Amino acid sequence: MKFAYKFSNLLGAVYRQGNLSFSKDGNAVISPVGNRISIFDLKNNTSETLPVSTDKNITCVGISPKGNLAIVVDEDGAALLVSLITRAVLHHFHFHKPVNSISFSPDGRKFVVTKENVALMYHAPGKQQEFNAFVLDKSYYGPYDETTCIDWTDDSKCFVVGSKDMSTWVFGAERWTNLIYCSLGGHKDVIVGCFFEKDSLDLYTVSQDGVLCIWESDTELDSLVLKNKPEKPKMPRRGEDEEEEDDDEEEEREGEVIRGKAETSKSNEKTKKVRFQHMSKHFFNKENDFTKLTAAAYHKATHILVTGFASGIFHLHELPEFNLIHSLSISNQRIASVALNYSGDWIAFGCSGMGQLLVWEWQSESYVFKQQGHFNNMASLAYSPDGQYVVTGGDDGKVKVWNTNTCLCFVTFTEHTSSVSKVAFTSSGFVVVSASLDGTVRAFDLHRYRNFRTFTSPRPAQFSSLAVDVSGELVSAGAQDSFEIFLWSMQTGRLLEILGGHEGPVSCLSFSPVQSILASASWDRTVRLWDMMNSWQVKETLHLTTDALSVAYRPDGHELAVSTLNGEISFWNPDTATQVGSVAGRHDLETGRKDTDKVTAKHLSKTKCFTSLCYSADGESILCGGQSKFVCIYNVNAQMLLKKFEISCNLSFDAMEEFLDRRKMTEFGSLALVDEGDGDKDGVNISLPGVRKGDMSSRHFKPEIRVSSLHFSPTGRSWAATTTEGLLIYSLDATLVFDPYDLDLDVTPASVRNQLRHQEWAAAIVLAFRLNEKALKQEVLETVPHQQISVVCGTLPDVYVEKLLDFVATCLEKSGHLQFYMTWAQSLLMLHGQKLKNRSGAILPTLHALQKSIQTHRDNLTKLCDFNMYNIRYAVALSKQSGIKRPLGQEEENNSQGDDAEDDDDDDDDDEQEMRQACFDDEEMIL
């Protein structure tokens, strides 16, 4: 088994905090999710998480005008320059302070970063490779409090900065004679947004208390005059050498420094300064006096202003008349970010409280994109039998089903009223079963998207474990308070039996994949095997040294893995009830030290253990996860650690570092435990006594990183883990793996193509698979004539049949030659079916991958055929309605032909059904 698994995608979370951005073409939304960046393609309905991450949660993202570069900044001010084309990190930089906002100039030559009360302008990285990609140009000082927002003029000559001190500052990107800086007031609360009008210095400012101020400039952009920079004196005076050296060092470090003053500067120069006039002030209609305006965005071409409020309401206004277009509510939580695409048709909203990401088309008043992740911890996951879907359950009581191809959630079930502890798929793949702490086990239909079964116990119980047998008929759930196991029938919904005998809470259940035997792990230090065919009797009892936390069957059903409280994993033979091996994995967890821990991480790791187990698709390895940031994979036969996957490097979580930062330790404790929130976000609003603002009961907290559930895809191409960060998908990176088979000196690409020229198809395929290059194998297969496929498959050696079937299943997923590759699959299965059946356990992942690819194409073709048939019927009906009126003499003839027409319609319907059935003959033969 190859362990080239790389991070593939992040599901379960679509937005956390920070600013949303659109791509250059406006078809994709770039959203920060924790310490990662996700890109949601709105045209193709897919999502992708970039394989780059910061040390802490991302607070702001800046996109270049060309859309090829992105600057990502985290909570501490550490920045990454990321290429959106190659998905690689180009440069690291640290601003040493938290950054509030970042914005590129429209010409792409510079970008401005605001931190604390200063605005820093840098030269943007160019096409040439540079040692330092970020070169400081100017530092602008003006506001007395933290800066909040930035906006540029269209010609990149000036930019405006809003601040928490209720002032707005206009700065020149160059030293203009008539505009160096200008300060504007007029607001009584924090500035949320400031926007220039198109090709003008006219300005709009929006404050947190819901006030819009319109400013008009008396100068056009073309009237800005560049000021000549004065020359420095060549000979400094004696005694001022040290002061000049200090000034040179400060200027080199901060670039050119521009310091603004709030009062009007008195100058005797004849040049007319740029002045702004306060034209008007408008007030937004809010629900109550305590609802704050939290986000704003302005589209200059359409003159549309979008504002979001803390109550989840957003307004659309047309400026400068301030005409209200829409006033709608999209959530009951605070809107944290608003963005408009290039054309101004789509508006993206981000709600950090509920983890929502919405894209609204305001002209048609419809959703373009609507996704929400689990806003609490995710507790469990399960793959569908074909690997096409993933179901997750969380502490928020929701059950979500995700498509592994698009990585988007397409259905959410909200029937549970408490935390969902376990989820599972039935063998058919169209029924999801979930157990919850609300005392119910529910079954959901993925055809009609409804809850069609609800299983309950005679006495209220909290279900913490769940298992469904191979046939999908028996549903079992374990209770953590009554120590009992309940069995229900899926068809009737009735309670069949209550299994008692455990003396502690039932922690995990698992059905054998080949027979009706249920394994139950409990805190009473036993694992019991229940025979479902023999009156639900206890077949065997496995005695352990400590509490059992998780149990898992191998895919062939001949081995059982149990994780215990002492950090060990024991392997048992369920037929003979004997232990065949064990792995001590306590020291492989490498847990970190929390801010409140009194002991070191080395001693703390002795109390950690694995809480989730999962066999690989071939059964040779086992995945283990628990109260740590690592997922360990062990070889079952050798009983040794093969690889450790670090699921997160986000220092915003607790227990991430082995040692505490002593710079943050004081005599009263760690500074990380001090709550310094403010009312602008989700923290505490520290205000004057008697002021009714903020929620003093809310506090910041750092969740602890842990792995709650693991599951291997039936196709063997990927595995997933539910963590504090979300649902992480790791998949095989086939492009980086070179694994030749039976390599020799004569195995070269030239010899392969030589065999193709001589039409030795089987020999060419064997040589290509011995070299094992994907491009060469695909070239050889597609060169074989269609009528020769069955002949070539019959002459292949047995060792290459499985390899060829695996490669065909991989190519069928993305290739457009559907019939060609399905002919390969059909020929291999028909000619070598009996030999493959004898090795069904080894090639099961390959068959699952083949089934997933065929099912995907079947669904797409079904939609296409239905759409075409509806269009044909519509065209026929339209042609009949728009027919030419015939003379009266032909009416009797038309009436006599009426019955024949009805018969013809019935024949047409039969022909359509036959045509539709013929489209899927090949697929059904393989399925």
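Here the structure is a predicted model, which is why all the values come from computation and not from measurement.

A closer look at the overall build of the chain
- Looking only at helices and strands, the chain has 13 helices and 59 strands in total.
- With 927 residues in all, the chain has 51% of them scored as buried.
- Considering only residue pairs separated by 6 or more positions, the chain has 50% of its internal contacts joining residues 24 or more positions apart.
- Accessible surface, the chain as shown: approximately 45400 Å² in total, 48% of it carbon and sulfur.

A closer look at the nonpolar core
- Counting residues in hydrophobic clusters, the biggest one holds 40 residues, and the most contacted among them are I765, L781, L804 and W824.
- Per element, the largest residue contribution to this core is 9 residues, and it comes from helix α7 (residues 798–814).
- Residues in contact with L804, not counting those within four places in the same chain, are F769, L781, L796, W824 and L828.
- Counting 22 residues, the second-largest nonpolar core is a separate cluster that includes I633, F645, I647 and L710.

Considering the packing of helix α5 (residues 774–783) against helix α8 (residues 818–831)
- The contact between α5 and α8 brings their axes to 11 Å, and the two run at 90°. On the basis of their axis angle, the class for α5 and α8 is roughly perpendicular. Of the residues in α8, those touching α5 at Q778, L781 and E782 are F820, Y821 and W824.
- Of the residues contributing to the contact of α5 with α8, the split by class is 4 nonpolar, 1 polar and 1 charged.

Details of the packing of aromatic side chains
- Counting across every chain of the model gives 38 aromatic pairs.
- Both rings, one in F93 and one in F95, keep their centres 5.0 Å apart while their planes meet at 70°; by these two values the pair is edge-to-face.
- On the basis of an interplanar angle of 50° and a centroid distance of 5.0 Å, the ring pair of Y140 and F171 is categorised as tilted. Residue Y140 is located in strand β13 (residues 135–141), and its partner F171 is located in strand β16 (residues 168–172); the two are separated by 31 residues in the primary sequence.
- By relative accessible area, F171 is classed as buried at 1%.
- In this structure an aromatic cluster arises from ring pairing among F93, F95, F104, F111, Y122 and F134.
- Stacked on the ring of F7, the Lys or Arg R36 has its end atom at 4.0 Å from the ring centre.
- Between the NZ or CZ atom of K644 and the centre of the ring of F630, over which it lies, the distance is 4.4 Å.

Thoughts on the confidence of the model for the chain
- For the chain, the mean per-residue pLDDT works out to 82, and 83% of the residues sit at or above 70.
- Across residues 231–252, confidence stays below pLDDT 50; counting only partners more than four residues off in sequence or on other chains, it has 7 contacts.
- Scored below 50 in pLDDT, residues 884–909 shows 3 contacts in the model against residues more than four places distant or in partner chains.

So, the sheet that holds strand β54 (residues 640–646)
- Spatially, 4 strands are ordered β51-β52-β53-β54 in an open sheet, and the strand pairing comes out antiparallel. If you trace the sheet from one side to the other, it starts and ends with β51 (610–615) and β54, each paired once. On average, each strand axis in the sheet is inclined to that of its neighbour by 25°, with strand direction left out of account.

Some points on helix α4 (residues 761–771)
- For α4, the tally of buried residues reaches 9 of 11 residues, placing the bulk of the element in the interior.
- Among all positions of α4, only W761, A764, I765, V766, L767, A768, F769, R770 and L771 are buried.
- Contact partners of the buried residues in α4: α3 (749–757), α5, α6 (789–795), α7 and α8.

Overview of the sheet that holds strand β19 (residues 203–207)
- Taking strand neighbours across the sheet as the criterion, the 4 strands line up as β18-β19-β20-β22 in an open arrangement whose pairing is antiparallel. Bordering the open sheet on either side are β18 (191–196) and β22 (276–283), each of which pairs with just one other strand. Between one strand axis and the next, the sheet turns by 20° as a mean value, whatever way the strands run.
- Bridging between β18 and β19 involves 5 bridges; their strand directions are antiparallel. Bridging from a neighbouring strand, F196 pairs with L203 of β19.

Focus: the packing of α3 against α5
- Across the interface, α3 lies against α5 with an axial gap of 11 Å and an inter-helix angle of 5°. The orientation of α3 relative to α5 falls into the category roughly parallel. Note on element contacts: α5 touches α3 through L776, E779, V780 and T783, opposite P749, V752, R753 and L756.
- Counted by class, the contact of α3 with α5 contains 5 nonpolar, 1 polar and 2 charged residues.

Concerning the pattern of salt bridges
- Across all of its chains, the model carries 18 salt bridges by this definition.
- K157 serves as the salt-bridge partner of D155, at 4.0 Å between the closest nitrogen and oxygen.
- By relative accessible area, which is 21% here, K157 ends up partly exposed.
- Among the charged side chains, a salt-bridge network with shared partners connects K110, D137, K138 and E174.

With respect to the environment of T454
- With respect to the helices and strands, the residue T454 is situated in strand β38 (residues 450–456).
- The spacing of T454 and E415 is 39 residues in sequence and 10.0 Å in space, taken between C-alpha atoms.
- Look past the residues within four positions of T454 in its chain and what remains in contact with it is T440, V441 and R442.
- Here the side chain of T454 touches R442 through a polar contact of 3.3 Å, side chain to side chain.
- Within polar-contact distance, the side chain of T454 engages the side chain of N451 at 3.2 Å.

Digging into α8
- Between its terminal C-alpha atoms α8 stretches 20 Å, which fits the 20 Å expected from 14 residues at 1.5 Å a residue.
- Along α8, the residues that are buried comprise L818, F820, Y821, M822, T823, W824, A825, S827 and L828.

Regarding the environment of D76
- Assignment of secondary structure puts D76 in the loop between β7 (69–74) and β8 (78–83).
- Relative accessible area serves as the criterion here: at 36%, D76 is assigned to the partly exposed category.
- Once the C-alpha coordinates of D76 and P98 are considered, the two residues, 22 residues apart in sequence, prove to be 5.0 Å apart.
- Apart from residues no more than four positions distant in its own chain, D76 is found in contact with K56, H94, H96, K97 and P98.

Details of the pairing of β8
- Of all 6 residues making up β8, 6 are buried, and the element is well covered by its neighbours.
- Neither face of β8 is left uncovered, since the one carrying A78, L80 and V82 and the one carrying A79, L81 and S83 both have all their residues buried.
- Summarising the sheet, β7 and β8 pair through 5 bridges and their orientation is antiparallel. Bridge pairing in β8 places V72 opposite L80.
- Counted between consecutive antiparallel strands, the loop separating β7 from β8 contains 3 residues, among which G77 sits at a positive phi close to 100°.

A short note on the side chain of D74
- Note on placement: D74 falls in strand β7.
- An unpaired buried charge is present at D74: no salt bridge exists, and K56, the closest side chain of opposite charge, is 7.4 Å distant.
- In terms of polar contacts, D74 uses its side chain to reach the backbone amide nitrogen of K56, at 3.5 Å.
- Within the structure, the side chain of D74 is placed 3.3 Å from the backbone nitrogen of D76, a separation counted as a polar contact.

Things to note about the pairing of strand β3 (residues 28–33)
- Counting buried positions along β3 yields 6 of 6 residues, so the element is predominantly enclosed.
- Taking every second residue as pointing to the same face, both faces of β3 are buried, with A28, I30 and P32 on one and V29, S31 and V33 on the other.
- Pairing analysis gives 2 bridges linking strand β2 (residues 21–22) to β3, with the strands arranged antiparallel. Across the sheet, the residue bridging to S21 is I30, located in β3.
- Where β2 folds back on β3, the antiparallel hairpin that results is connected by 5 residues, among which G26 adopts a positive phi of roughly 80°.

Procedures and definitions
- Along each chain, the written sequence defines residue order, and numbers are assigned to residues from 1.
- Two thresholds apply to this predicted model, a pLDDT of at least 70 for residue-level local features and 80 or more for giving and counting side-chain atom pairs, whereas whole-chain, interface and lining totals are computed over all residues.
- Side-chain numbers here rest on the full set of heavy atoms in the structure, without hydrogens or water.
- Only runs of H or I of at least four residues qualify as helices and only runs of E of at least two qualify as strands under DSSP, and these elements are numbered from the N terminus.
- Using a 1.4 Å probe on the protein chains alone, a residue whose accessible area is under 20% of its type maximum counts as buried, one over 50% counts as exposed, and one in between counts as partly exposed.
- Here, two residues are considered to be in contact whenever any of their heavy atoms come within 4.5 Å of each other.
- Only the protein chains shown count as cover for residues, and the accessible areas themselves come from Shrake-Rupley with a 1.4 Å probe.
- Joining through side-chain atoms within 4.5 Å is the link that ties buried Ala, Val, Leu, Ile, Met, Phe, Trp, Tyr and Cys residues into a set, and such a set is a nonpolar core.
- Here, axes are lines fitted to C-alpha atoms. For helices the fit covers the stretch in contact, and angles between N-to-C directions go from 0 to 180 degrees.
- An angle counts as roughly parallel when it lies under 35 degrees, as roughly antiparallel when it exceeds 145, as roughly perpendicular when it falls between 65 and 115, and as oblique in every other case.
- Residue type decides the class: Asp, Glu, Lys and Arg count as charged, Ala, Val, Leu, Ile, Met, Phe, Trp, Tyr, Cys and Pro as nonpolar, and the leftover types, Gly among them, as polar.
- Note on aromatic pairs: the rings of Phe, Tyr and Trp (six-membered ring only in Trp) are paired at centre separations within 6.5 Å, and the planes decide the class, stacked below 30 degrees, edge-to-face beyond 60, tilted for the rest.
- Two limits define a charge over a ring: the Lys NZ or Arg CZ must be within 6 Å of the ring centre, and within 35 degrees of the ring normal.
- Confidence scores here are pLDDT values: one per residue, from the predictor, ranging 0 to 100.
- Any two strands with at least two DSSP bridges between them are considered paired.
- By convention in these notes, a salt bridge is any Lys or Arg side-chain nitrogen within 4 Å of a carboxyl oxygen on Asp or Glu.
- Polar contacts, as used here, are pairs of N or O atoms within 3.5 Å; protein pairs need one atom able to donate a hydrogen and one able to accept it. Residues neighboring in sequence count only if both atoms are side-chain atoms.
- A helix is expected to span 1.5 Å multiplied by its residue count minus one.
- Charge counting treats Lys and Arg as positive and Asp and Glu as negative, with His and both chain ends excluded.

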